[in-house]
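# Observations on the three-dimensional arrangement
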Amino acid sequence: MIRVLYDNQIFTLQRYGGISRLFFELMNSFKGSEEISYNIPSSFFPNDYLEKKVLMKFISFLDDKDFKGKGRFLSLLKKINFQKNVKALKRQNFDVFHPTYYDPYFLEYLNNKPFVLTVYDMIHEIYPEMFPKDDQTAKNKKILAEKATKIIAISQNTKKDIIKFYGIKKDKISVIYLGSSLKMGDEEYNLKNIRLPKKYILFVGDRHLYKNFVIFVKSIAPLLREGEGLSLVCAGGKKFTVEEVNIFDKLQIQNKIIHLDINNDKTLSYLYSKAIVFVFPSLYEGFGIPILEAFSCRCPVAASNKSSLPEVGGDAALYFDPSDENSIRETVKRIVYNNNLRENLKLKGTKQLKKFSWRKTAQETLNVYKEVIKEVNNGLS
């Protein structure tokens with residue numbers, strides 16, 4: 001039986017999101033397996049997937065109260081989790097190590113044990129100007145990519161970018177696609193204290209920089225102003241900033257946009273299932289789980305034609321140039337006002353979704369672990 005050690009990096013850094021979702025689903029898939037056992041240092045995670053109920057309630061309380069000591073509390077939490085990781089590494093009770101993010105702290109504790117690195121995207125390398133000058137992500141990622149026994153890329157596009165920026169041999173990189181955890185929204189599900197517009201365009205997740213939110217909003221503003229009853233729902237991410245609100249006011253669409261916090265999959269599924277179209281205008285994505293989430297909930301998709309998104313969406317989505325406002329607007333407009341097109345996209349989405357599953361992700365990841373151990377054993381013989 002293969003023994004795999006994960007660390008808790010991403011579960012300390014991320015409350016919810018694609019990376020922590022990936023490792024949560026991997027561990028779920030491996031439970032009860034006769035081929036693999038895993039360990040993740042037990043501690044407190046401010047994460048919705050591996051949540052400790054009491055801690056999550058406390059962190060939610062801090063969010064609500066804007067508690068000034070929250071930063072110190074989370075720093076202490078991170079320090080405790082780091083110590084747990086180091087302790088587990090020193091025990092050496094594993095065959096393969098799989099870090100969940102890019103901090104290279106573990107290199108001095110491996111003692112020649114192999115490790116697998118998952119590279120999620122190359123956004124820091126492609127758009128370095130969008131990140132603080134002291135951001136170490138690109139530097140750390142490169143160090144680990146060069147030292148890793150094997151690399152997992154979550155799309156062919158990401159593999160291509162790894163080779164382009166790092167010059168790593170393609171044989172060292174395995175492409176393993178992700179899956180969707182969502183199911184079709186429950187028609188009877190009730191969003192407490194939330195009144196959804198009857199007809200809305202859906203945007204999901206963070207809205208910063210490369211997510212291209214501002215260009216997207218400017219492009220669909222005429223549709224929102226002119227379309228009777230048509231609104232934009234932004235699900236997840238932080239509350240609208242002052243700058244964003246000012247943009248809405250300037251575009252005269254302030255009453256056509258609402259933000260909803262998302263704290264569970266059931267709510268997110270419901271939002272997808274009721275949307276007239278989900279729009280993904282990002283300039284770059286390593287994979288693009290929201291496309292699969294929309295397919296899972298029979299929601300038509302309009303997406304950027306950049307990076308990995310066409311690779312994930314196939315012929316089940318309509319694509320636009322994310323830098324061209326007219327391209328975005330006309331693509332979204334086609335879906336909003338064409339019922340037959342929407343139904344056709346729903347059918348194609350259901351078909352495209354069959355190519356992806358977390359079970360497949362887990363099996364292919366297990367195969368990489370086996371390959372790594374075989375390489376190590378052959379090297380020792």
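Worth saying up front: this structure is predicted, and the values here are computed from it rather than measured.

## As for the packing of aromatic side chains
Aromatic ring pairs are defined here through the distance separating the ring centres and the angle between the ring planes. Per the counting criterion, the structure on display carries 21 aromatic pairs. Taking the centre distance of 4.5 Å and the plane angle of 35° together, the rings of Y101 and Y102 count as tilted. When the centroid spacing of 5.7 Å and the interplanar angle of 45° are considered together, the rings of F278 and F280 count as tilted. By the burial criterion, F278 is buried, and F280 matches it. A network of ring pairs unites the aromatic residues F82, F94, F97, Y105, F106 and F115 as a single cluster. Of note, K113 hangs over the ring of F94, and the distance from its end group to the ring centre comes to 4.5 Å. Sitting above the plane of the F213 ring, R207 keeps its charged end 5.7 Å from the centroid.

## Side note on empty space enclosed by the protein
Taken as a whole, this structure holds 2 cavities of 30 Å³ or more when the rule is applied. In this structure, the largest cavity occupies an estimated 50 Å³ of space. Lining the largest cavity are L22, L26, H98, T118, I152, I154, I176, L178, T361 and T365. Of all the secondary-structure elements, those providing two or more residues to the lining of the largest cavity are α2 (18–30) and α15 (358–380). Of the residues contributing to the lining of the largest cavity, the split by class is 6 nonpolar, 4 polar and no charged. Counted as a void, the second largest cavity has a volume near 30 Å³. If you trace the second largest cavity, you find it lined by Y177, L178, K355, F356, S357, K360, T361 and E364. Tallied by class, residues from the lining of the second largest cavity come to 3 nonpolar, 2 polar and 3 charged.

So, how was this worked out
- Residues numbered from 1 in each chain as written.
- Predicted model: local features only at pLDDT ≥ 70, side-chain atom pairs only at ≥ 80, totals over all residues.
- Heavy atoms only, no water.
- Phe/Tyr/Trp six-rings, centres within 6.5 Å; stacked < 30°, edge-to-face > 60°.
- Buried < 20%, exposed > 50% of the residue type's maximum accessible area, 1.4 Å probe, protein only.
- Lys NZ or Arg CZ within 6 Å of the ring centre and 35° of its normal.
- 1 Å grid on protein atoms, 1.4 Å probe; cavity = no way out; pocket = protein on both sides within 12 Å on 5 of 7 lines; lining within 4 Å.
- Points joined across faces, edges and corners; volume = space filled by probe spheres on them.
- Helix = DSSP H or I, 4+ residues; strand = E, 2+ residues; numbered from the N terminus.
- Nonpolar A, V, L, I, M, F, W, Y, C, P; charged D, E, K, R; others polar.

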